[in-house]
Amino acid sequence: MSNRETGFGKGCHLHLIDGSAYIFRAYHALPPLTRKSDGLPVGAVAGFCNMLWRYLGENGASADAPTHAAVIFDYSSKTFRNEIYELYKANRPEPPEDLRPQFPLTRDASRAFNLATIEIEDYEADDIIATLARQAREAGGRVTIISSDKDLMQLVGGGVEMLDAMKNKQIGVDEVREKFGVGPERVVDVQALAGDSVDNVPGAPGIGIKTAALLINEYGDLETLLERAEEIKQPKRRAALIDNAELIRISKRLVLLDDQTPLDFTLDDLEVRPPDEKALLDFLNEMEFRTLTRRVADHFGTEPPAAPTLSPTASESDAAQASTEQPDFKSADYVCIRDLDTLKTWIARIEEIGHVAVDTETTSLDEMRAELVGISLCIDAGHAAYIPLTHRAGGGDLFGATELVEGQLPLEQVLEILKPVLEDPAILKIGQNMKYDAKIFANRGITITPIDDTMLMSYALHGGLHGHGMDTLSDRYLNHQPISIKSLLGSGKSAITFDRVGIDDATRYAAEDADITLRLWQMFKPRLHAAQVTRVYETLDRPLVPVLVQMERSGIKVDRDVLSRMSNAFAQKMAGLEAEIYDLAGERFNVGSPKQLGEILFDKMSLEGGKKGKTGAYATGADILEDLAAEGHDLPARVLDWRQLSKLKSTYTDALQDHIHPDTGRVHTSYVITGAVTGRLASTDPNLQNIPIRSEEGRRIRTAFVAETGHKLVALDYSQIELRILAHIAGIDSLKQAFREGQDIHAMTASEMFNVPMEEMTPEIRRQAKAINFGVIYGISGFGLARNLRIPRSDAQGFIDRYFERFPGIRAYMDDTVEFAKREGRVETLFGRRIHTPEINAKGPGAGFAKRAAINAPIQGTAADIIRRAMIRVPQAIADLPATMLLQVHDELVFEVAEDAVDTVTARVREVMEAAAEPVLRLDVPLVVDAGMGDTWAEAH
DNA sequence: GACATCACG
DNA sequence: GACGTACGTGATGTCC
């Protein structure tokens, strides 16, 4: 290949720079810079350029300067290794959105530095590096690989070294041996055994680098080891090797680099050339890297080219930029689009820029019933447009119906024109609470994608600090109070719908909303990185939007007759109870009024009981009435019965009927993604996450939730997920072991705590241990446990003390978590979701609440993250099956499935749910999912 | 609109 | 030593 007489050979020194690795490292190491003139993300490019410049500077002068150099990139994520093993690198998340446009720019950067820039389809950068390193070595030259990637360490030796440019650390044979426990020539054997969760190389289960090195050193090499696997004494290791021999061999093929990559150039083509002064400066200037441009210009002894930036005084910070360059809201330009030409001009501009803030105006907050009234768009701060579509004149005839106002483009036509834009994968649609708009569009046959959502960004950034509604965000982050919807619609009975709002007012309001959304997006987008919540936003929150859109639009079928019959039965029973209650009280009063009830019980009948706090009213909660009933008083007992029926009737059997959609015959709840600070969803209108189940009477309500004919409801729920997570986080070996062995965890806790053998366990002791287990998750206190178990506080404290004695790791977790929260003002889930705890350092009772919330949040939140991950993966897993995901109830998912697909769907969903933490997280405990099936939700659970 | 109550995980 | 408490939600009815 190379001409050894005159070309690459002895005395030559080849530098191979692992470009792809540096992009990712630069991206994660640096704050998210954007180009000032247009907001193009360039942080990774900046880091990459700085690295190259430093590299050239350090090497240019040294005696060890490279004679040849190249930067090597990955061509794409799919390579020939996917042919060997389908799942190779299947775990890799998509690169973050603001990194993607930087990939081609880094190639440009490499070329601007006049370095040979190489990428080859189907091959990873590592293979090209391996091939070039082999060629150089065979030609008698030296090689330095600028990378810290452990996958390249197999190449070290025989004149090949590595250099971690960021740490400026050499990696030679000794360093490789230190890392892998074997020499470079056996690195692949160790990697094949140990596997790699990052690249999804399977390896042998239970064998890590340490064990792998031990085995390889003992048997010499991998093949010998596999052939003689029967000789291994440890039964687990032996089985792991014998059972997985094939997988291990595949793993080796995955980690073994291909040093025979076909290349259409020679080493001689990689000879170092000095950078072209003008090309380099032009590139850096175009990227608007001022400091580096100046530095490079100084080096060449020339003037830097004229900066293209707008304001010479603007500082590097985005805050300064926001205040100097953004028009204020007073001078904002909001237009009303009433003709096709204007609309098309806007669309052309959107296509050019590649993103747009979108907001829909409708007649209802209920997306399933809402009529689309208008759409607003915003491309850059201060410039927004509103497209009125179905505004109507006020007044109207007897039924309120009126003709459309003149001067509006036809709805259908506008949707037809907008559809390709809204569905264009190259145009980012930005919204505030996009789930709402996505449903509005979905009901009109438009799948809006891809999206960004400022509400979800705020949730990831500021969870626990404040709400994430547009008014709050605009006030806090833009210092602007938007036009209130109330000022347009009024409130209460006289409120009008948005279609009755005048088009001028509507334009001001709607365009402003889109404008605010765009400005919030510009502000939040770079902050996601700074706060390290990009992964949370991009992998846990945003992808949930289309999933929930599908679930909410599907709804669940509810049998009105069942509910109606139950309502009647409840009414009758309540009437009977009321009569008894009046009789016992000696007068008629409103049983539903705690105030009146308190006066009857404690004043008139002089029962024991006290006043309560702020309002001075008697407390008449269920626990107090239960105590009274236990003492033999009939009235409180009857009231308890009445209250239960009243609750079931008003909240469920009556209210649920009103939520049955007239067209679909189904109930469509709405999930609030930002509803709970911990990462849980909240369900509203109606809340389907609190349908009764604990009482037999209430449970019957679930028989009204039914499957379509020929279908079944399937419910799958995580067993004890929060306790499992606690065992993992706190690292409690005995609990972890119990979960691994499938033991009764509450009985085991009881046995440990009270020294009762499992065979002699009584339900009562187990019940107490169960209460303690739950208490621990909630940030246990003697008072709370005492109240829950109805035992003296000193006894409860004794239990807790004993518990901590037996499980000291739990106390350590609690103390560490509270300490972290006090120091950082937040806690985190295992997936990096941040939950802020602003009250934790407060004085007074608030601190107690904050402490317990801080202890609970990582546990509850990690569980919430896990089921989010499952929900995001499930639709793909069952895409080919006649099944629909309908509901989520924190640790449970409910599906409607064609009868003959029940078993397949159950198996697939269970698999997804049980593996939902992986590959990001490898829990020390198994996740177990229970499943049920039936014609109604009562049977399925 | 605040409060008490009670449904769920 | 006192404080005042289990964690996270939403819907309903009463009362001001």
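Cut-offs used in this document
Residues numbered from 1 in each chain as written. Chains lettered and ligands numbered in written order. Predicted model: local features only at pLDDT ≥ 70, side-chain atom pairs only at ≥ 80, totals over all residues. Heavy atoms only, no water. Phe/Tyr/Trp six-rings, centres within 6.5 Å; stacked < 30°, edge-to-face > 60°. Helix = DSSP H or I, 4+ residues; strand = E, 2+ residues; numbered from the N terminus. Buried < 20%, exposed > 50% of the residue type's maximum accessible area, 1.4 Å probe, protein only. Lys NZ or Arg CZ within 6 Å of the ring centre and 35° of its normal. Near = heavy atom within 4 Å. Polar contact = N/O pair within 3.5 Å; in protein donor to acceptor, adjacent residues only side chain to side chain. Domains from an automatic or database assignment. Buried area = accessible area lost by both parts, 1.4 Å probe. Salt bridge = Lys/Arg side-chain N within 4 Å of Asp/Glu carboxyl O. pLDDT = per-residue confidence, 0-100. Contact = heavy atoms within 4.5 Å. Pairing = 2+ DSSP bridges. Axes fitted to C-alpha atoms, helices over the stretch in contact; angles between N-to-C directions. Nonpolar A, V, L, I, M, F, W, Y, C, P; charged D, E, K, R; others polar. Parallel < 35°, antiparallel > 145°, perpendicular 65-115°, else oblique. Left-handed = near helix turned anticlockwise from the far one by under 90°.

This paragraph deals with the packing of aromatic side chains. Going through the model one piece at a time under the given rule, you end up with eleven aromatic pairs. Taking the centre distance of 5.3 Å and the plane angle of 70 degrees together, the rings of Phe705 and Trp937 count as edge-to-face. With Phe705 in strand β17 (residues 705-706) and Trp937 in helix α38 (residues 937-940), the pair connects residues that are 232 residues apart, well separated along the chain. Taking relative accessible area as the criterion, Phe705 reaches 0% and is therefore assigned buried. Assessed through its relative accessible area of 0%, Trp937 is described here as buried. Judged by centre distance (4.9 Å) and plane angle (50 degrees), the rings of Tyr803 and Phe807 are tilted. Here a set of aromatic residues connected by ring pairs shows up, and it is made of Tyr803, Phe804 and Phe807. The cationic tip of Arg519 hangs over the ring face of Phe329; the distance from NZ or CZ to the ring centre is 3.8 Å. Residue placement shows Arg702 over the ring face of Trp937; its charged tip is 4.3 Å from the ring centre.

Okay, the protein's contact with DNA strand B next. Thr620, Lys647, Ile693, Arg694 and Asp891 are the nearest of the 20 residues found near DNA strand B. Protein-proximal atoms of DNA strand B, defined as those within 4 Å of the protein, fall in sugar or phosphate at a share of 77%. Between DNA strand B and Thr620, the relevant distance is 2.7 Å, taken from a phosphate oxygen to a side-chain nitrogen or oxygen of the residue. Counting residues per element, the surface near DNA strand B draws most heavily on helix α27 (residues 634-658), which supplies four residues.

Next up on the list: the domain arrangement of chain A. Under the domain assignment used here, chain A contains domain 1 (13-270), domain 2 (277-324) and domain 3 (329-531). One C-alpha centre belongs to domain 1, the other to domain 3, and the line joining them spans 47 Å. When the two sides are added together, the surface that domain 1 and domain 3 hide from each other amounts to roughly 450 Å², 61% of it contributed by carbon and sulfur. Summed over the shared surface of domain 1 and domain 3, the result is one salt bridge. The residue Glu97 makes a salt bridge to Lys525 at a minimum N-O spacing of 3.8 Å.

Confidence along chain A averages 90 in pLDDT terms, with 96% of residues attaining 70 or more. Confidence drops under a pLDDT of 50 for residues 309-324, and excluding neighbours within four residues, the segment shows 13 contacts in the predicted structure.

Reading across from one edge, β3-β2-β1-β4-β5-β6 is the order of the six strands in this open sheet, with mixed pairing throughout. Lying at the two open borders of the sheet, with one neighbouring strand each, are β3 (116-118) and β6 (169-171). The average undirected angle you get between the axes of adjacent strands in this sheet is 25 degrees. Taken together, the four bridges between strand β4 (residues 142-146) and strand β5 (residues 160-164) define a ladder with parallel strand orientation. Pairing of Ile146 across the sheet is with Leu163, part of β5. Across the face of the sheet, helix α1 (residues 19-29) comes into contact with β1 (13-18), β2 (68-72), β4 and β5 while running at roughly 45 degrees to β1.

So, on to the protein's contact with DNA strand C. Every one of the 34 residues lining DNA strand C counts as a neighbour, but Ser593, Asp685, Asn687, Phe783 and Arg852 are closest to it. Sugar and phosphate atoms represent 66% of those atoms of DNA strand C found within 4 Å of the protein. In the model, a phosphate oxygen of DNA strand C is placed 2.4 Å from a nitrogen or oxygen of the Ser593 side chain. At the level of secondary structure, the elements contributing two or more residues to the surface near DNA strand C comprise α25 (594-604), α27, β16 (682-684), α32 (763-777), α33 (782-789) and α36 (845-877). Residues that form the surface near DNA strand C fall into these classes: eleven nonpolar, 16 polar and seven charged.

We now examine the sheet that holds strand β23 (residues 929-934). Two strands in a sheet stick together by hydrogen bonds in their backbones, pointing the same way (parallel) or opposite ways (antiparallel). Reading across the sheet, the four strands line up as β21-β22-β18-β23 and stay open at both edges, with antiparallel pairing between neighbours. Each end of this open sheet is capped by a strand with a single partner; those strands are β21 (883-888) and β23. Each adjacent strand pair in this sheet contributes to an overall mean axis angle of 25 degrees, direction not counted. Each of β18 (711-718), β21, β22 (892-898) and β23 touches helix α37 (residues 902-914); the most contacted strand, β18, lies at about 20 degrees to it.

Taken N-terminus to C-terminus, the directions of α33 and helix α34 (residues 793-806) make an angle of 115 degrees; their axes are 8 Å apart at the nearest point. Looking at the two axes, α33 sits roughly perpendicular to α34. Considering the relative orientation of α33 and α34, their crossing is right-handed. Mapping the contact onto sequence places Gly782, Phe783, Leu785, Ala786 and Leu789 in α33 and Arg793, Ala796, Gln797, Phe799 and Ile800 in α34. Considering only residue class, the contact of α33 with α34 consists of seven nonpolar, two polar and one charged.

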